[in-house]
Amino acid sequence: MNINHLYKKAAAVTMAAALLAGGTSAFASGSGQDYNGGAPTRPTHPVPENPTTPSVINDTYGFSHITRFDALKMTKQQNRPQFQVPAFNADQIRNIPSAVGKDANGNTINLDVWDTWPLQNADGTVANYNGYQIVFGLAGDPKVSSDTFIYLFYKKADDQSLDAWKNAGRVFKDTDKLVPKDWILNHQSEEWSGSATMTKDGKVRLFYTNRHPWDADQGFFGKQTLTTAQVNVSEPAEGTLKVDGVEDFKSIFDGDGKMYQTVDQAFSGGDYSDNHTLRDPHYVEDNGHKYLVFEANTGSETGYQGDEMFYNKAYYGGNDKFFESEREKLLNSPDKDYMSIANGALGIIELNDDYSLKRVMKPLIASNTVTDEIERANIFKMNGKWYLFTDTRGAKMFLDGVDARDIYMLGYVSDSIDGPYKPLNGSGLVLHQDLNPRDITWTYAHFAIPQVKNNEVVITSYMTNRGYFANQQSTFAPSFKVKIDGDRTSVVPNSTLNQGQVTTD
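In this report, the structure presented in the accompanying data block is examined. (Residues numbered from 1 in each chain as written. Predicted model: local features only at pLDDT ≥ 70, side-chain atom pairs only at ≥ 80, totals over all residues. Heavy atoms only, no water.)

**Regarding the packing of aromatic side chains**
For any pair of aromatic rings, the description rests on two quantities: the centre-to-centre distance and the angle between the ring planes.
Phase 1 of the analysis: This model, assessed by the stated rule, comprises 27 aromatic pairs.
Phase 2 of the analysis: Their ring planes at 75 degrees and their centres at 5.9 Å tell us that F153 and F476 sit as a pair that is edge-to-face. Taken together, the residues span a long stretch of sequence, with F153 in strand β6 (residues 149-156) and F476 in strand β25 (residues 475-476) at a distance of 323 residues. The two residues F153 and F476 agree in class, both being buried.
Phase 3 of the analysis: Every member of this aromatic cluster is reached through a ring pair, and the members are W214, F221, F267 and Y272.
Phase 4 of the analysis: Sitting above the plane of the W165 ring, K155 keeps its charged end 5.2 Å from the centroid. (Phe/Tyr/Trp six-rings, centres within 6.5 Å; stacked < 30°, edge-to-face > 60°. Helix = DSSP H or I, 4+ residues; strand = E, 2+ residues; numbered from the N terminus. Buried < 20%, exposed > 50% of the residue type's maximum accessible area, 1.4 Å probe, protein only. Lys NZ or Arg CZ within 6 Å of the ring centre and 35° of its normal.)

Structure below.
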């Protein structure tokens, strides 16, 4: 059974791969640096003296799942034209001209720019900030993978060219995190992916992932925490925006253990092989309520990781024959230990009006036994339906027919923000790309932006892996359009837009 053998064989050197990529994975991920900052080893679980076979159950824990049956259908669909990320002309791809910064020695350098997200209205459409469009993005020194911080890019709303994007620099000063009495924030090492909304009073509210360092000897395990701040932006001169500092800077949520795995659950036992995630907060409003949807892993009361997962029919889908056959494959796979810790989830919390935590809710969807990592949670309402999207990579999946080069955007639809969610296109597949990661037109971190006038979304992403080329940085990829029709989607033919374009107006 060839279940992503490349990732599993390379487990002992995944950190080295992540350093090469410098993004959120060995292929650069959607939230900053992918692995836990140490060198993961193959998980080992002690065999009990009197092992017993777990009982077969069929428990959804009250929310939806990316089942193995649906995910395997995806592998049969992935080469259809309607799901293909468009092919881009490498000769026309340019670095973002304004993506210029300083290295640790004060030298001027061209920056890598990877995960980006626009300033959005509460309904997900792109906000017009006093005549400007604003995009936040992760950027940093191509030679230093830990140089992962949030920058603010902006342009006049009516200019769609790549050259129009200007760079206001880093959002946060290094000392900003020390101002509040917030232990989690005070120890921040990197800034990872998130979202931003323009409030009713015209303020810019940023949500992002605070990432701690990895220093096991000091008790730091790369903790990821959903974090927020108000970003003050001014226009000192015509055509120029400036970051005037931040306020109300605070941590929101770092897991509760029951609904969502905490970093202590993942690593306190000394086994660092788990791929713990709690990141990529996406802000959304519904009927006056404020929510964050985010990437996570299931907790102790929502179907936690472990060998017991293999006996839960709810994770498999299909009929009894499929369940028994597929379970037998997993139990006898050389990758079984890795599958036993695959419990990715897209979580949701409700916020108070001051953006502090109000309540922890059950996950919207989970991917037990399929993958430990479903990234860049993205949700909005269109034509009375809620659409939920996520990005993932074959390098983290446990499925026949999927390999380390496969890149996916998956999507789900519901009548309610809290589900249940059903897979779009019958499997969940929305986008697929299969390129050599050293192709500069390789893309990831696909993000669907609803438009004002129609049922099409603009897909943005970044292009080119970090650190792979001397003169080619990670940069805005050309955008393109996807049409949504109920529970079906398709890439709009010949819809390629400019690099970094966020609207079609």
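**Here we look at the environment of V482**
Phase 1 of the analysis: Mapped onto the elements of the fold, V482 is located in strand β26 (residues 480-485).
Phase 2 of the analysis: Separated by 32 residues in the primary sequence, V482 and P450 have C-alpha atoms spaced 9.8 Å apart.
Phase 3 of the analysis: Ignoring sequence-local partners within four residues, the contact set of V482 consists of L431, N455, E456, V457, I459, T489, S490, V491 and V492. (Contact = heavy atoms within 4.5 Å.)

**Topic: the sheet that holds strand β4 (residues 112-120)**
Phase 1 of the analysis: Reading across from one edge, β7-β6-β5-β4-β8-β9-β12-β13 is the order of the 8 strands in this open sheet, with mixed pairing throughout. The open sheet has two edge strands with one neighbour each: β7 (166-170) and β13 (240-253). Across the sheet, the mean angle from the axis of one strand to that of its neighbour is 25 degrees, orientation sign disregarded.
Phase 2 of the analysis: Bridge analysis of strand β9 (residues 204-211) against strand β12 (residues 224-237) gives 8 bridges, and the strand direction is antiparallel. Bridge pairing links L206 to A229 in β12. (Pairing = 2+ DSSP bridges. Axes fitted to C-alpha atoms, helices over the stretch in contact; angles between N-to-C directions.)

**Some details on the environment of Y291**
Phase 1 of the analysis: Tracing the backbone shows Y291 in strand β15 (residues 289-297).
Phase 2 of the analysis: A residue is classified by how much of its surface remains accessible, and Y291, at 6% relative accessible area, is buried.
Phase 3 of the analysis: Not counting the four nearest positions on each side in its chain, Y291 is found in contact with H282, Y283, V284, D286, I348, I349, E350, R359, M361 and I417.

**Side note on the pairing of β9**
Where a strand is regular, its side chains alternate between the two sheet faces.
Phase 1 of the analysis: Of all 8 residues in β9, 8 are buried; the element is thus mostly enclosed.
Phase 2 of the analysis: In this sheet, β9 lies alongside strand β8 (residues 190-198) in antiparallel orientation, the contact comprising 7 bridges. For S195, the partnering residue across the bridge sits in β9 and is F207.
Phase 3 of the analysis: Where β8 hands over to β9, the hairpin turn is made up of 5 residues, of which G202 adopts a positive phi near 80 degrees.

**Details of helix α3 (residues 68-77)**
Phase 1 of the analysis: In terms of burial, α3 is a largely internal element, 7 of the 10 residues being buried.
Phase 2 of the analysis: Taken together, the buried positions of α3 are R68, D70, A71, L72, M74, T75 and Q77.
Phase 3 of the analysis: Looking at the packing, one finds that the buried side of α3 touches α6 (320-331), β20 (406-414), β21 (422-423) and β22 (429-434).

**Looking at the nonpolar core**
Phase 1 of the analysis: Ranked by internal contacts, the top residues of the largest apolar core, which has 54 residues, are I379 and L388.
Phase 2 of the analysis: Counting residues per element, this core draws most heavily on β15, at 5 residues.
Phase 3 of the analysis: Dropping the residues within four chain positions of it, I379 is found in contact with H282, V284, V293, L364, W386, Y387, L388, I417 and Y421. (Core = buried A, V, L, I, M, F, W, Y, C linked by side-chain atoms within 4.5 Å.)

**Structural notes on the side chain of E373**
Phase 1 of the analysis: As for its position among the elements, E373 is in the loop between β17 (357-366) and β18 (375-382).
Phase 2 of the analysis: At 3.1 Å, the side chain of E373 forms a polar contact with the side chain of K396. (Polar contact = N/O pair within 3.5 Å; in protein donor to acceptor, adjacent residues only side chain to side chain.)

**Things to note about the side chain of N343**
Phase 1 of the analysis: Within the secondary structure layout, N343 lies in the loop between α7 (336-339) and β16 (344-351).
Phase 2 of the analysis: We classify N343 as buried; its relative accessible area is 0%.
Phase 3 of the analysis: Dropping the residues within four chain positions of it, N343 is found in contact with A296, N297, T298, Y304, Q305, M309, N368, T371 and D372.

Any functional reading would require information beyond the geometric quantities listed.
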